[in-house]
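As a plain string of letters, each chain reads:
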Amino acid sequence: NDARCQVMANLANFSYDPINYEHLRSLGVLDLFLEHLTEEDATLTRFALGGLCNLALDSENKDHINGSGGISQISNCLLSPCVETVTYAITSLMFLVTAKYKADITNDTNIGRMIELSQHSDKRIQNLAVIFLDDYCSRDQVYKKFCHHVLDTCSCTSLLLCTLCRHGVPTIPALWQQQPAPPDQICGGALYLWGVPYWSVHPG
């Protein structure tokens with residue numbers, strides 16, 4: 001297993017240099033990396049994802065990864081307990097965004113995960129998650145998922161209750177200064193986080 005990790009680490013290192021892209025494609029290294037994203041060995045997965053992250057900068061590599069089911073495999077790595085793996089996963093997803101595949105990458109599941117990761121204890125993950133939400137997702141997408149996430153997290157049965165249990169509600173730092181519109185479509189907990197008291201929008 002140590003030998004496999006060493007080989008994967010070397011291939012990931014070769015992936016840093018664009019001069020190697022064509023050669024790595026011809027050798028099937030992209031598919032090799034994709035196959036190792038589901039490895040039980042977290043180290044192999046980390047090296048494989050690191051290699052894909054480097055290769056995803058190239059348009060041909062991007063098309064190959066997207067067309068080979070790489071989006072869903074990389075998205076699953078967002079759940080990894082390994083900080084490096086998660087940072088590679090978020091970065092890779094941003095690199096892989098194209099007009100054709102943007103909707104697949106910015107789906108509701110990934111937006112929900114990014115909202116959670118925006119509160120991660122690691123600042124790198126926090127910042128990358130916020131960049132993903134801010135630069136690659138529409139405001140409507142984030143608002144919609146954020147409201148559902150607030151309600152799900154709080155297990156609330158009413159909007160007002162969600163406001164009252166606001167201390168357990170996750171927040172998105174980069175979006176604090178933005179005002180949702182129209183506010184009557186945002187749940188009570190989210191309204192509180194945006195600095196708009198629930199009762200000022202829904203009096204009584």
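Residues numbered from 1 in each chain as written. Predicted model: local features only at pLDDT ≥ 70, side-chain atom pairs only at ≥ 80, totals over all residues. Heavy atoms only, no water.

A. How the structure looks around the overall build of the protein chain. The helix and strand inventory of the protein chain stands at 14 helices and zero strands. Along its sequence from the N terminus, the protein chain presents helices and strands in the succession α-α-α-α-α-α-α-α-α-α-α-α-α-α. Counting across all 204 residues of the protein chain, residues that qualify as buried make up 46%. Partitioning the intrachain contacts of the protein chain with sequence separation of at least 6 by distance along the chain shows that 65% fall at a separation of at least 24. Roughly 10400 Å² of accessible area belongs to the protein chain as shown, and the carbon and sulfur atoms make up 53% of that amount. (Helix = DSSP H or I, 4+ residues; strand = E, 2+ residues; numbered from the N terminus. Buried < 20%, exposed > 50% of the residue type's maximum accessible area, 1.4 Å probe, protein only. Contact = heavy atoms within 4.5 Å. Areas by Shrake-Rupley, 256 points an atom, 1.4 Å probe, with all protein chains shown as cover.)

B. Region of interest: helix H7 (residues 83-95). End to end, H7 covers 18 Å across 13 residues, agreeing with the expected 18 Å (1.5 Å per residue, within 8%). All of the buried residues along H7 are Thr85, Val86, Thr87, Ala89, Ile90, Thr91, Ser92, Leu93 and Met94. The secondary structure elements touched by the buried residues of H7 are helix H4 (42-55), helix H6 (70-76), helix H8 (102-105), helix H9 (108-117) and helix H10 (123-136). (Expected span 1.5 Å × (residues − 1).)

C. Layout of the packing of helix H1 (residues 2-14) against H4. In contact at an axis separation of 8 Å, H1 and H4 are set at 15 degrees when each is read in the N-to-C sense. Taken together, the axis directions place H1 and H4 in an arrangement best described as roughly parallel. The chirality of how H1 crosses H4 is left-handed. Side by side, H1 and H4 meet where Arg4, Cys5, Met8, Ala9 and Ala12 of the first sit next to Thr43, Leu44, Phe47, Ala48, Gly51 and Asn54 of the second. (Axes fitted to C-alpha atoms, helices over the stretch in contact; angles between N-to-C directions. Parallel < 35°, antiparallel > 145°, perpendicular 65-115°, else oblique. Left-handed = near helix turned anticlockwise from the far one by under 90°.)

D. Just the confidence of the model for the protein chain, in detail. Here the protein chain averages 78 in pLDDT, while 71% of its residues score no lower than 70. Throughout residues 154-204 the model reports pLDDT below 50, and contacts reaching past four residues in sequence, or to other chains, amount to 87 contacts. (pLDDT = per-residue confidence, 0-100.)

E. Inspection of the state of the cysteines at higher detail. One pass over the structure, following the stated rule, counts zero disulfides. Free cysteine: Cys82, not disulfide-bonded; nearest cysteine sulfur from Cys77 at 9.9 Å. (Disulfide = S-S within 2.5 Å.)

F. Here's a closer look at the pattern of salt bridges. Counted by the stated rule, this structure contains four salt bridges. Notably, a salt bridge pairs Asp58 with Arg25, separated by 3.0 Å at the nearest N-O pair. Taken together, the positions of Asp58 in the loop between H4 and helix H5 (59-67) and Arg25 in helix H2 (residues 21-26) put the pair 33 residues apart, joining distant regions of the chain. When the shortest N-O distance is used, the salt bridge between Asp122 and Arg124 registers 3.3 Å. Take Asp122: its relative accessible area is 17%, and that puts it in the buried class. Look at Arg124 and you get partly exposed, because its relative accessible area is 45%. By sharing partners, the salt bridges in this structure join Arg25, Asp58 and Glu60 into a single network. (Salt bridge = Lys/Arg side-chain N within 4 Å of Asp/Glu carboxyl O.)

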